[in-house]
Amino acid sequence: MFAAERRQLILEMVRANGAVSLRELARVVQTSEVTVRRDVRALEAEGLLDRRHGGAVLPGGFTRESGFPQKSHLATAEKTAIADLAAGLVEEGEAIVVGAGTTTQELARRLARVPGLTVVTNSLLVAQALAHANRVEVVMTGGTLRGSNYALVGSGAEQSLQGLRVSKAFLSGSGLTAERGLSTSNMLSASVDRALVQAAAEVVVLADHTKLGTDTMFQTVPTDVITRLVTDEPPAHDDRAATELQALADQGVQIAVAGTSGGGATGGDAVQAGRQPRRDVPLPGPRRGQVPGGPQLRSATVLGESPTGERARVADLRRR
């Protein structure tokens, strides 16, 4: 395929999906990610798209949020691996909150197998994934439906979360940096996510490697509030993502890296982002408002924190 043909196909994919990872672009045009990266740079120079860490988006992507159909086709293998690993952090009988997003929807499908679970969510997609789960109670927030991501937002959603206490919050977003934390492109979504965080003793962020190093308009979770990050292993050439993971780990965030079919770390490995000899990654100390050592949660209205324990072994992220 000639360069002009490749670039036209790349442009059509980005226009159709809103955002596409370099990995997916390389697979479709049947060339290397290095070549695709050059094509994306050339298209960006013409103002036809914007580069984002690990992918390409429509111009103006800093302020624009892709809808659910576009997001659902981006980094699908990575989201599946992340959801598999994140589901292992949930104990039987816990009460948790799960935010809106395509990655959290994948997580919800796996949580359907956890008995005695109570899930509080503002996402219709999360609720739908758990609707027929045996012995899983789903609690929906109030609010106004935001059709682009099937989430309930606004003052009704935020007020319904007041006084709530759960063990963990599982959130996704549009971007994640060590400097600013998790962020999103929509003000209403950001406000509800902040309310979800206030209800939880621990905050677990689910973000594939394409979001690492990306910053968007509205901060939802500052870095010092994030307990864990569950992500996939960045491609070998992606030094920026490895640097971002190291910076997050240096600030006390525990990093868990899920392997995909493309290789890398195996699912269930907790990985310290960095290049030092193997060592344990300590959990951050209690966050503001965290209740350590509380009773195991059985409903969304009981205060406390369920014991988690570490199940994954600790390893180093492979030297880039």
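Since this is a predicted model, take the numbers as computed values, not measurements.

The rules behind each value
- Residue positions are given per chain, counted from 1 along the sequence in the order it is written.
- pLDDT decides what is reported in this predicted model: residues at 70 or higher carry local features, side-chain atom pairs at 80 or more are listed and counted, and totals for whole chains, interfaces and linings draw on all residues regardless.
- Note that the side-chain values use all heavy atoms of the structure and ignore hydrogens as well as water.
- For the purposes of this entry, the term helix denotes a DSSP run of H or I that reaches at least four residues, the term strand denotes a run of E that reaches at least two, and both are numbered from the N terminus.
- A pair of strands is considered paired only if DSSP assigns at least 2 bridges between the two.
- Only the stretch in contact is used when a helix axis is fitted, and all axes are lines through C-alpha atoms; the angle between N-to-C directions ranges over 0 to 180 degrees.
- The contact rule is simple, with two residues in contact once any of their heavy atoms fall within 4.5 Å.
- An expected span of 1.5 Å times one less than the residue number is assigned to each helix.
- To sort residues, take the accessible area from a 1.4 Å probe on protein chains only and compare it with the maximum for the residue type: under 20% means buried, over 50% means exposed, and anything in between is partly exposed.

A. Highlighting unusual backbone geometry. The residue Gln30 is not glycine, and still its phi comes out positive at about 60°. Residue placement: Gln30 occurs in the loop between α2 (22-29) and α3 (33-45).

B. Structural detail: the sheet that holds strand β13 (residues 218-221). Strand order in the open sheet made by the three strands is β10-β11-β13, with antiparallel pairing throughout. Every other strand in the sheet has two partners, leaving β10 (175-177) and β13 as the edge strands with one partner each. Strand-to-strand twist of the sheet, defined as the mean angle between neighbouring strand axes without regard to direction, takes the value 35°. Bridging between strand β11 (residues 181-184) and β13 involves three bridges; their strand directions are antiparallel. Within the sheet, the bridge partner assigned to Leu182 lies in β13 and is Val221. Its contacts with the sheet place helix α9 (residues 187-198) against β11 and β13, and it is angled at close to 20° to β13.

C. Inspection of helix α10 (residues 239-250) at higher detail. Under the 1.5 Å per step criterion, the end-to-end length of α10 is 16 Å for twelve residues, consistent within 8% with the ideal 16 Å. Within the span of α10, buried status applies to Ala241, Ala242, Glu244, Leu245, Gln246, Leu248 and Ala249. Phi turns positive one or two residues past the end of α10, at Gly252, with a value near 95°.

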